[in-house]
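Listed below, chain by chain, are the residues.
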Amino acid sequence: MEFIRNRYKGSTKYGRMDGEGKYTFPTDTKYVGEFKDGMFHGKGVLFFPNGSKYEATWENGIAKQGFFIFADGLQYQDKNWDYCNGNDRRFYSERCNGFRPPEETQLTHVHPPPTIPDGCYDCADGFYNPNTRIITSYTGTFLRNADDSEHEWIVRTCRKAWDVPVDNDPPKTFYNQT
(Lines give C-alpha, C1' and ligand atoms only; values in the text may rest on other atoms or scores of the structure.)
Protein backbone atom coordinates (compact mmCIF):
# COMPACT_ATOMS: atom_id res chain seq x y z
CA MET A 1 0.00 0.00 0.00
CA GLU A 2 1.44 3.39 -0.99
CA PHE A 3 0.27 6.74 0.39
CA ILE A 4 1.74 10.12 -0.53
CA ARG A 5 5.40 9.15 0.20
CA ASN A 6 4.24 6.86 3.06
CA ARG A 7 4.40 3.08 2.72
CA TYR A 8 2.57 0.23 4.41
CA LYS A 9 3.32 -3.46 4.29
CA GLY A 10 1.07 -5.78 6.22
CA SER A 11 -2.41 -7.16 6.55
CA THR A 12 -5.53 -5.22 5.63
CA LYS A 13 -9.24 -5.49 6.24
CA TYR A 14 -11.78 -3.72 4.03
CA GLY A 15 -8.90 -1.84 2.37
CA ARG A 16 -7.57 -0.44 5.65
CA MET A 17 -4.48 -1.32 7.68
CA ASP A 18 -5.56 -4.00 10.14
CA GLY A 19 -3.57 -6.63 12.05
CA GLU A 20 0.24 -6.78 11.97
CA GLY A 21 2.17 -4.42 9.72
CA LYS A 22 4.92 -1.90 9.08
CA TYR A 23 4.18 1.74 8.23
CA THR A 24 7.01 3.97 6.96
CA PHE A 25 6.71 7.77 7.08
CA PRO A 26 8.42 10.08 4.52
CA THR A 27 11.06 10.91 7.18
CA ASP A 28 11.96 7.17 7.30
CA THR A 29 10.44 6.86 10.78
CA LYS A 30 8.88 3.39 10.93
CA TYR A 31 6.02 2.00 12.99
CA VAL A 32 6.06 -1.77 13.41
CA GLY A 33 3.17 -3.36 15.25
CA GLU A 34 -0.55 -3.80 15.39
CA PHE A 35 -3.20 -1.83 13.48
CA LYS A 36 -6.96 -1.64 13.69
CA ASP A 37 -9.25 0.16 11.27
CA GLY A 38 -6.33 2.08 9.71
CA MET A 39 -4.80 3.27 13.02
CA PHE A 40 -2.01 2.19 15.38
CA HIS A 41 -3.81 -0.06 17.83
CA GLY A 42 -2.26 -2.57 20.23
CA LYS A 43 1.46 -3.05 20.79
CA GLY A 44 3.84 -1.24 18.46
CA VAL A 45 7.20 0.49 18.17
CA LEU A 46 8.15 3.72 16.41
CA PHE A 47 11.73 3.48 15.13
CA PHE A 48 13.36 6.87 14.42
CA PRO A 49 16.14 7.40 11.84
CA ASN A 50 18.62 8.45 14.55
CA GLY A 51 18.36 5.01 16.21
CA SER A 52 15.99 5.94 19.05
CA LYS A 53 12.62 4.26 19.50
CA TYR A 54 9.29 4.63 21.26
CA GLU A 55 7.57 1.44 22.41
CA ALA A 56 3.91 1.78 23.33
CA THR A 57 0.46 0.35 23.62
CA TRP A 58 -1.84 2.27 21.30
CA GLU A 59 -5.60 2.77 21.26
CA ASN A 60 -7.17 4.19 18.11
CA GLY A 61 -3.96 5.95 17.07
CA ILE A 62 -3.11 7.36 20.53
CA ALA A 63 -0.23 6.07 22.67
CA LYS A 64 -1.75 5.14 26.03
CA GLN A 65 1.33 3.73 27.72
CA GLY A 66 4.90 3.67 26.49
CA PHE A 67 8.54 4.53 26.93
CA PHE A 68 11.28 6.20 24.89
CA ILE A 69 14.75 4.70 24.40
CA PHE A 70 17.52 6.93 23.05
CA ALA A 71 19.84 5.63 20.32
CA ASP A 72 22.54 4.92 22.92
CA GLY A 73 20.23 2.61 24.90
CA LEU A 74 19.30 5.07 27.67
CA GLN A 75 15.62 4.72 28.58
CA TYR A 76 13.85 7.97 29.47
CA GLN A 77 12.15 8.05 32.86
CA ASP A 78 9.65 10.78 33.67
CA LYS A 79 10.09 10.19 37.41
CA ASN A 80 13.43 10.14 39.29
CA TRP A 81 15.34 11.15 36.14
CA ASP A 82 18.97 11.50 37.21
CA TYR A 83 20.75 11.57 33.88
CA CYS A 84 22.52 14.78 32.86
CA ASN A 85 21.36 16.84 35.81
CA GLY A 86 23.26 19.49 37.76
CA ASN A 87 25.06 16.85 39.84
CA ASP A 88 26.08 14.42 37.09
CA ARG A 89 26.94 15.74 33.61
CA ARG A 90 28.52 12.55 32.21
CA PHE A 91 27.49 11.10 28.87
CA TYR A 92 25.43 7.93 29.13
CA SER A 93 28.33 5.94 27.63
CA GLU A 94 30.56 7.28 30.43
CA ARG A 95 28.04 6.12 33.02
CA CYS A 96 28.01 2.66 31.47
CA ASN A 97 31.70 2.30 30.53
CA GLY A 98 33.57 4.76 32.78
CA PHE A 99 35.70 7.74 31.86
CA ARG A 100 38.26 7.84 29.07
CA PRO A 101 41.88 8.66 29.86
CA PRO A 102 42.58 12.42 30.23
CA GLU A 103 44.34 12.63 26.85
CA GLU A 104 41.16 11.35 25.13
CA THR A 105 38.66 14.15 25.68
CA GLN A 106 35.11 12.95 25.09
CA LEU A 107 33.21 15.79 23.40
CA THR A 108 30.10 13.79 22.46
CA HIS A 109 28.41 10.55 23.37
CA VAL A 110 30.11 8.93 20.38
CA HIS A 111 33.89 8.64 20.68
CA PRO A 112 35.66 9.70 18.62
CA PRO A 113 33.06 12.30 17.64
CA PRO A 114 31.90 12.44 14.02
CA THR A 115 33.73 14.88 11.74
CA ILE A 116 31.47 17.88 11.22
CA PRO A 117 31.12 19.03 7.60
CA ASP A 118 32.42 22.56 6.87
CA GLY A 119 29.99 25.26 7.91
CA CYS A 120 27.77 22.83 9.85
CA TYR A 121 26.93 22.04 13.47
CA ASP A 122 26.74 18.72 15.34
CA CYS A 123 23.28 18.81 16.94
CA ALA A 124 23.44 15.40 18.69
CA ASP A 125 21.22 13.49 16.26
CA GLY A 126 23.01 14.63 13.11
CA PHE A 127 24.45 17.63 11.31
CA TYR A 128 22.76 21.01 10.88
CA ASN A 129 23.46 23.27 7.92
CA PRO A 130 22.48 26.83 8.93
CA ASN A 131 22.33 27.96 5.29
CA THR A 132 19.67 25.43 4.29
CA ARG A 133 18.26 24.95 7.85
CA ILE A 134 18.26 21.19 7.21
CA ILE A 135 19.26 18.55 9.76
CA THR A 136 20.57 15.29 8.35
CA SER A 137 21.56 12.11 10.17
CA TYR A 138 25.25 11.32 10.55
CA THR A 139 24.88 9.11 7.47
CA GLY A 140 23.32 11.94 5.40
CA THR A 141 19.63 11.00 5.54
CA PHE A 142 17.21 13.93 5.82
CA LEU A 143 15.77 14.21 9.35
CA ARG A 144 13.94 17.55 9.48
CA ASN A 145 13.94 21.28 8.79
CA ALA A 146 14.85 23.44 11.78
CA ASP A 147 12.37 26.10 12.84
CA ASP A 148 13.58 29.47 14.19
CA SER A 149 13.70 28.25 17.78
CA GLU A 150 15.76 25.14 16.97
CA HIS A 151 18.04 27.16 14.67
CA GLU A 152 18.79 29.65 17.45
CA TRP A 153 19.42 26.87 19.99
CA ILE A 154 21.79 24.97 17.68
CA VAL A 155 23.78 28.07 16.72
CA ARG A 156 24.05 29.11 20.38
CA THR A 157 24.74 25.67 21.90
CA CYS A 158 26.15 23.03 19.55
CA ARG A 159 29.67 22.18 18.36
CA LYS A 160 30.49 23.64 14.99
CA ALA A 161 33.05 22.47 12.45
CA TRP A 162 35.32 25.45 12.99
CA ASP A 163 35.49 24.86 16.79
CA VAL A 164 37.06 21.41 16.52
CA PRO A 165 40.54 21.46 18.09
CA VAL A 166 43.41 20.70 15.72
CA ASP A 167 45.62 19.08 18.37
CA ASN A 168 45.68 18.29 22.07
CA ASP A 169 48.61 20.56 22.95
CA PRO A 170 47.65 23.21 25.52
CA PRO A 171 48.14 26.82 24.38
CA LYS A 172 51.52 28.28 25.28
CA THR A 173 51.25 30.98 27.92
CA PHE A 174 53.76 33.31 29.54
CA TYR A 175 54.30 30.77 32.35
CA ASN A 176 54.14 27.67 30.14
CA GLN A 177 56.56 28.44 27.32
CA THR A 178 58.77 25.59 26.08
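This one's a predicted model, so the numbers in the text were calculated from it and none came from an experiment.

Remarks on the pattern of salt bridges
Taken as a whole and judged by the stated rule, the model has seven salt bridges. For Asp37, the salt bridge goes to Arg16, with nearest N and O atoms at 3.5 Å. In this pair, Asp37 is assigned in the loop between strand E4 (30–36) and strand E5 (39–47) and Arg16 in strand E3 (residues 16–24), connecting sequence segments 21 residues apart. Here Arg16 falls in the partly exposed class, since its relative accessible area comes to 42%. In this structure, Asp122 and Arg159 form a salt bridge, with 3.1 Å as the shortest nitrogen-oxygen distance. On the criterion of sequence distance, the pair formed by Asp122 in strand E8 (residues 121–122) and Arg159 in strand E12 (residues 159–160) is long-range, its members being 37 residues apart. A single burial state applies to Asp122 and to Arg159, both of which are buried. What emerges from the salt-bridge pattern is a single network uniting Asp125, Arg144 and Glu150.

Some words on the confidence of the model for the protein
Overall, the prediction assigns the protein a mean pLDDT of 82, with 79% of residues at 70 or greater. Mean pLDDT values for the elements of the protein range from 60 in strand E1 (residues 2–3) up to 97 in E4. In this model, residues 166–178 is a region of pLDDT below 50 whose contacts with residues beyond four sequence positions or in other chains number four contacts.

What counts and what doesn't
Residues numbered from 1 in each chain as written. Predicted model: local features only at pLDDT ≥ 70, side-chain atom pairs only at ≥ 80, totals over all residues. Heavy atoms only, no water. Salt bridge = Lys/Arg side-chain N within 4 Å of Asp/Glu carboxyl O. Helix = DSSP H or I, 4+ residues; strand = E, 2+ residues; numbered from the N terminus. Buried < 20%, exposed > 50% of the residue type's maximum accessible area, 1.4 Å probe, protein only. pLDDT = per-residue confidence, 0-100. Contact = heavy atoms within 4.5 Å.

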